[in-house]
Amino acid sequence: MFGFTEDMTEKQELVRKFCEDWVYPNLAEIDAGKCCPDYIWEEWCKIPGFASPCAPKFTGGEEMPFATCCAMWEELGKADLGVATGFGSNNLGSFPILLTGTDDQKKEHFGNLLQGKFGAFGLTEKGAGSDAGAVATEAKKEGEYYILNGDKCYITTSGKAIETKSTLAICASTDKSLGSKGLTMFLIPGDTPGLTAVKEEDKMGIRGSQTCELHLENVKLHESRILGGPEKGIGFGFKTAMMTLDAGRCVVAAQANGVAMRAIEMMVEYCNTHLDGGRPLSKNPAATFKIAELEAQTQACRQLVYHTAFMRDAGLNHGHESCCAKIVATENAINATRVAMDIMGVNGIKKGDPSTVDGAVEKLYRDARILSIYEGTNQVQRLVVTNGLFPKKKKK
Amino acid sequence: MSEKSLIQKAAADFAAAELAPVSFVPEKTAEYTEDAVKAMAAKGFLKVADIEEAAIVAEEFGKANASMAEVAVIANATAEIIDAYDASKAIDGMTGYAVYEEGTSCGGVTAAKAGDAYTITGKKIAAALGGAADQYIVIATLEEKPAAFIVKAADAAAEKFDKLGLRSYPTANLTFDAAPAVLLAEDGAKLRAELNARIDILNCYVAAGMANTAADVSTEYAKTRVQFGAPIAKLPAVQFLLAEISIAEYTLKAVAAPAVEAVMAGKSYVIEAAKAKYVASKAIYDATSNCVQIHGGTGYSREYPIERYYRESKTLFNNTDYFDWPEARIAADMLK
Ligand SMILES: Cc1cc2nc3c(=O)[nH]c(=O)nc-3n(C[C@H](O)[C@H](O)[C@H](O)COP(=O)(O)OP(=O)(O)OC[C@H]3O[C@@H](n4cnc5c(N)ncnc54)[C@H](O)[C@@H]3O)c2cc1C
């Protein structure tokens, strides 16, 4: 891709090779479970820097540019959106720490991740989905400690983070009277008593990514566990969460582009091998024009993702672009799987081997549908874009 | 009560009592609910009087259990087409339909004539009611032209074809090895187009039933799901999604009605069906996709039926002809 740095190209190729060796051949197993098998994750972690691509250098990481992460996750998303989502949770679960964590917190968290443990970002609750400010998990101050009680839902790889005794970024309310301004982000060790993963979700797709409900019962944390420390971190949780999502949404868009690219690849292969009235379907513009249109949209979506990623790497505000990228890329990917179904007919709906054209599209269709829901639904993205276009007038 | 209302009530009551309870778990596990099909047959829902009745049944069943609705669609459409072509060929039980082939739309399965009898050899994929029907309508090449035959189920080896959605509705790959066959129509292309058209018309009603359910569950959810201090139903963005589902239900019936009328009046209906299919496959996709979206994370969970509607919507119209059939047919008709 034009404009890719050497690093982006090199890392994307490494991911491609990894996927060819470990993801594509095992897609049936991945799709049959509720979490990516450990051996695949272990292989991923053997590649230098991959366990936690954004880990700062002083923690022992490679501190890869964000654009490189997007290039990697596009390739991973192409192979399997579930694996991409699960492995990506190490980025999502790390952005809050990168944004507001103290150096000690960074050392602790990235130390865990670089050993091959999982991170997790715990914001959503049953009553706080799109309305993230409504987080009800309470953190009550008792001397130098906080006692956390509440429940979280849909937290990616949180069960793994607990199982591997890693560190989780969890949002809780330290002052209910302040609403979203009373939210605070905590860095919680996975083995803290009272923190449990109570349920593993059974999802339509992205089955390579673990999604859990968490229960927090009298989870006792020293105030030093507040991200950024008690001085700076109190009441900064919502802001941290929103800034985390600025980055996360762009990665979701990159993964979505991978999904669209895979759908296009499968359609091309199908059209080359499938006969339609005695001729390959690739000679029928009714099919090929549909694919060409998707290719055009996907190329445009990729440009927007990398444009956004370069903005972030340059230290520019990119929340608006991230939302725009998420809207167009995710809806394009979902549409690509729909069109693939149309073109492939019964061969599209077939539950075959997902690593081949014989079963890939059935799985892609189920996987892709998550894209306009998580990390803020696409209605919420439109809300953010709207707020950018129609800014509230500041009171004088 | 009019006759139509009576049939509708009977179908709705039956669906609520017998089909809704077996709609969730069996679909998840791809289990064929044979008892439900037997009950449908016993009540006469698998061989109704005409396409108008079949449409009523399809819609009511579609509300409760799309897999079983599709069983009724195929059974009724095949029974009607046999009646229309050669009533003497009709036998008891359900008739399935085998048209698709590996690597091509159709053409590789061949028929051979031996005296007055025929045999069929080759493999069909994703045959409708595969493994469950008593006999199949099979499209096979006879002297380089497609013809339609009837083959007894016992003369075909069936291997289950599992799929994205409608997983309780049975489909199978069928292998014929010089299977004895009875000729139903020499012009297999015409029969195929007409049978597909009838299936597509009825599928519009299954889809209308599905859209009705999607509208009900989405409305209920939107009224009760609170975010930002109020039910999400108060949000214009959610209201738009809801309205589109209701419009889809309306559209599905509106586009199919002229095709039903054409069949009932004994007029040609293939183009009407093609137009209906073109609009319907998009409409039901949008309706079920909106339903997922309104439910947020809940819509993606296999604990609830919402994700099932999304899978079913794309399976429904992928059951019949190749993808550009509606457009190609309609344009050919305009240009003739
Ligand atoms: C597989 C999966 C993985 C996830 N991973 C994580 C994770 O790691 N960490 C985490 O914290 N969360 C995670 N989530 C949660 C996810 O971000 C939420 O599901 C999402 O934000 C939507 O919330 P909700 O499901 O409660 O839907 P709701 O907020 O209830 O939304 C329902 C509907 O209302 C609409 N709506 C709501 N508010 C508005 C508004 N103001 N304007 C317009 N429309 C609106 C929505 O668009 C949607 O259509 C995950 C979810 C899933 C399904």
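### Quick notes on the overall build of chain B
Logical step 1: The helix and strand inventory of chain B stands at 10 helices and 9 strands.
Logical step 2: Over its C-alpha atoms chain B spans a radius of gyration of 20 Å, differing by no more than 12% from the 20 Å that the globule rule assigns to 336 residues.
Logical step 3: Here the C-alpha coordinates of chain B stretch approximately 80 × 45 × 45 Å along the principal axes.
Logical step 4: Every one of the 336 residues in chain B was classed for burial, and the buried ones make up 58%.
Logical step 5: A gap of 3 Å separates the mean positions of the 33 positive and 45 negative side-chain charges of chain B.

### A short note on the site of the ligand
Logical step 1: Taken together, 30 residues lie near the ligand, and Thr124(A), Ser130(A), Thr377(A), Arg225(B) and Gln293(B) sit nearest.
Logical step 2: Looking at the residues close to the ligand, they fall on chains A and B.
Logical step 3: In this structure, an oxygen atom belonging to the ligand sits 2.7 Å away from a main-chain N or O atom of Gly297(B).
Logical step 4: Out of a free accessible area of 970 Å², the ligand has 95% covered by protein chains.
Logical step 5: Listed by contribution, the elements that provide at least two residues to the shell around the ligand are β3 (145-156) and α15 (378-389) of chain A together with α7 (236-264) and α8 (270-295) of chain B.
Logical step 6: Ranked by residues supplied to the shell around the ligand, first place goes to β3(A) with 3 residues.
Logical step 7: Each residue belonging to the shell around the ligand can be placed in one class, and the counts come to 15 nonpolar, 12 polar and 3 charged.

### Some remarks on the domain arrangement of chain B
Accessible area lost on assembly of the parts is the figure often given for the size of an interface.
All names here are of chain B.
Logical step 1: Segmenting chain B into domains produces domain 1 (3-89), domain 2 (95-187) and domain 3 (190-335).
Logical step 2: Relative placement of domain 2 and domain 3: their C-alpha centres are 28 Å apart.
Logical step 3: Between domain 2 and domain 3, the contact holds 17 residues from the first and 16 residues from the second.
Logical step 4: In this assembly, domain 2 packs against domain 3 so that about 1400 Å² is buried in total across both faces, 64% of it on carbon and sulfur atoms.
Logical step 5: Summed over the three residues of domain 2 that lose the most area to domain 3, namely Tyr97, Tyr100 and Leu166, the buried surface amounts to 40% of that side.
Logical step 6: Taken together, the links from domain 2 to domain 3 amount to 0 salt bridges.

### Examining unusual backbone geometry
All names here are of chain B.
Logical step 1: A positive phi angle, near 70°, is found at Glu144, a position not held by glycine.
Logical step 2: Within the secondary structure, Glu144 sits in the loop between β4 (135-142) and β5 (145-152).
Logical step 3: Here Leu166, not a glycine, exhibits a phi torsion of approximately 50°, which is positive.
Logical step 4: Position of Leu166 among the secondary structure elements: in the loop between β6 (157-160) and β7 (171-185).
Logical step 5: A residue is classified by how much of its surface remains accessible, and Leu166, at 0% relative accessible area, is buried.

### Topic: the interface of chain B and chain A
Logical step 1: Of the residues lining the interface, 44 residues belong to chain B; the matching set on chain A comes to 46 residues.
Logical step 2: If you sort the residues of chain B by the area they bury against chain A, Gln293(B), Tyr300(B) and Phe323(B) come out on top, with a joint share of 23%.
Logical step 3: The interface formed by chain B and chain A includes 4 salt bridges.
Logical step 4: Close ionic contact of Lys290(A) with Glu327(B) constitutes a salt bridge, the shortest N to O distance being 3.7 Å.
Logical step 5: Our count for the chain B to chain A interface comes out at 25 residue pairs in polar contact (both at pLDDT 80 or more).
Logical step 6: Among the secondary structure elements, those contributing two or more residues to the side of chain B that touches chain A are β3 (117-128), β8 (226-227), α7, α8 and α9 (306-316) of chain B.
Logical step 7: Looking at the side of chain B that touches chain A, the element that brings in the most residues is α9(B), giving 6 residues.

### Examining the nonpolar core
Logical step 1: Ranked by size, the top nonpolar core spans 240 residues in total, and within it Leu371(A) and Phe61(B) carry the most contacts.
Logical step 2: In terms of residue count, the dominant contributor to this core is helix α6 (residues 188-224) of chain B (18 residues).
Logical step 3: Apart from residues no more than four positions distant in its own chain, Leu371(A) is found in contact with Leu81(A), Val252(A), Ala256(A), Val259(A), Lys326(A), Thr330(A), Ala333(A), Ile334(A) and Asn378(A).

### Re the packing of helix α1 (residues 3-19) of chain B against helix α3 (residues 34-42) of chain B
All names here are of chain B.
Logical step 1: Put simply, α1 and α3 touch, their axes get as near as 11 Å, and they point 155° apart. Comparing their axes, α3 and α1 come out roughly antiparallel. Pair α1 / α3 crosses with right-handed handedness. For the pair α1 and α3, the contacting residues are Phe14, Glu18 and Leu19 in the first and Ala36, Ala39 and Met40 in the second.

### A closer look at the domain arrangement of chain A
Residues and elements named next belong to chain A.
Logical step 1: The domains assigned to chain A are domain 1 (6-114), domain 2 (120-235) and domain 3 (239-389).
Logical step 2: Between domain 2 and domain 3, the C-alpha centre-to-centre distance is 31 Å.
Logical step 3: Taken together, the contacts link 9 residues of domain 2 with 12 residues of domain 3.
Logical step 4: For the pair domain 2 and domain 3, the summed buried surface comes to about 810 Å²; carbon and sulfur atoms form 78% of the total.

### Focus: the pattern of salt bridges
Residue and element names in this part refer to chain A.
Logical step 1: Across all of its chains, the model carries 44 salt bridges over all chains by this definition.
Logical step 2: For Lys11, the salt bridge goes to Glu62, with nearest N and O atoms at 3.6 Å. Linking Lys11 in helix α1 (residues 6-23) with Glu62 in the loop between α3 (38-46) and α4 (66-79), this pair joins segments that are 51 residues apart in sequence.
Logical step 3: Residue classification places Glu62 among the partly exposed positions, given a relative accessible area of 32%.

Definitions and limits used
- Residues numbered from 1 in each chain as written.
- Chains lettered and ligands numbered in written order.
- Predicted model: local features only at pLDDT ≥ 70, side-chain atom pairs only at ≥ 80, totals over all residues.
- Heavy atoms only, no water.
- Helix = DSSP H or I, 4+ residues; strand = E, 2+ residues; numbered from the N terminus.
- Rg over C-alpha atoms; globule rule 2.2 N^0.38 Å.
- Buried < 20%, exposed > 50% of the residue type's maximum accessible area, 1.4 Å probe, protein only.
- Lys, Arg positive; Asp, Glu negative; His and termini not counted.
- Charge placed at Lys NZ, Arg CZ, Asp CG, Glu CD.
- Near = heavy atom within 4 Å.
- Polar contact = N/O pair within 3.5 Å; in protein donor to acceptor, adjacent residues only side chain to side chain.
- Areas by Shrake-Rupley, 256 points an atom, 1.4 Å probe, with all protein chains shown as cover.
- Nonpolar A, V, L, I, M, F, W, Y, C, P; charged D, E, K, R; others polar.
- Domains from an automatic or database assignment.
- Contact = heavy atoms within 4.5 Å.
- Buried area = accessible area lost by both parts, 1.4 Å probe.
- Salt bridge = Lys/Arg side-chain N within 4 Å of Asp/Glu carboxyl O.
- Core = buried A, V, L, I, M, F, W, Y, C linked by side-chain atoms within 4.5 Å.
- Axes fitted to C-alpha atoms, helices over the stretch in contact; angles between N-to-C directions.
- Parallel < 35°, antiparallel > 145°, perpendicular 65-115°, else oblique.
- Left-handed = near helix turned anticlockwise from the far one by under 90°.

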